[in-house]
Amino acid sequence: MDFDKIRELAQILKASSLTRLRVEEDGTVLELEAEPPQQQVVSVAPVAATPATPAPEQEPSATPAPAAPQAEEDADAAFDMSKLTLVKAPMVGVFYAAPSPGAEPFVHVGSKVKKGDTLCVMEAMKLMNEVTAECDGEVVDICVEDGDLVEFGGTLMKIH
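In this report, the structure presented in the accompanying data block is examined. (Residues numbered from 1 in each chain as written. Predicted model: local features only at pLDDT ≥ 70, side-chain atom pairs only at ≥ 80, totals over all residues. Heavy atoms only, no water.)

## Observations concerning the pairing of strand β1 (residues 20-25)
Direction of pairing for β1 relative to strand β2 (residues 28-33): antiparallel, over a ladder of six bridges. Counted as the bridge partner of Arg 20 is Glu 33 from β2. The loop that links β1 with its antiparallel partner β2 comprises two residues; one of these, Asp 26, has a positive phi angle of about 50°. (Pairing = 2+ DSSP bridges. Helix = DSSP H or I, 4+ residues; strand = E, 2+ residues; numbered from the N terminus.)

## As for the sheet that holds strand β5 (residues 112-113)
Note: strands within a sheet are paired through backbone hydrogen bonds, in either parallel or antiparallel orientation. Pairing in this open sheet of four strands is antiparallel, and the strands run β3-β10-β8-β5 from one edge to the other. With partners counted over all chains shown, the strands left at the sheet margins are β3 (85-88) and β5, one partner each. When strand β8 (residues 137-142) meets strand β10 (residues 155-159), the two strands line up antiparallel, connected through three bridges. In the sheet register, Val 139 faces β10, and the bridge partner there is Ile 159.

## Some thoughts on the environment of Glu 33
One can find Glu 33 in strand β2. Under the relative-accessibility criterion, Glu 33 is labelled partly exposed at 48%. (Buried < 20%, exposed > 50% of the residue type's maximum accessible area, 1.4 Å probe, protein only.)

Now the structure itself:
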């Protein structure tokens, strides 16, 4: 395989959404791997509600419109997307939510975790590797199922 062909394959990998490319030619195996594109977290600020304009046949009311329940506003304000931490797969491997088959998972959605707590196990080449929390917080989403094959850099969980 010549250098120009390798360069062309590398450019294809870079220009596409692929993270891995394997080519076999004349007994030669070439494997190229790229880092997955960075996920961009977008934060949206809540917009203040304005009272509805009355219909033309109705008289304007002197009483103010009822305010939105305080609990809903607090819940929206408490979940700041800019503080979301994505737990990424440190390697290509199989995701396991529990330490052994039939055992209780390390964490569930809603679990409070501390920095260093075990979140899951990744199996790669018959070796089990623990994935630990990088920060304190609450697990708000588990993005993969138990037993799923996960690519390097794939999002496993979200912690807020």
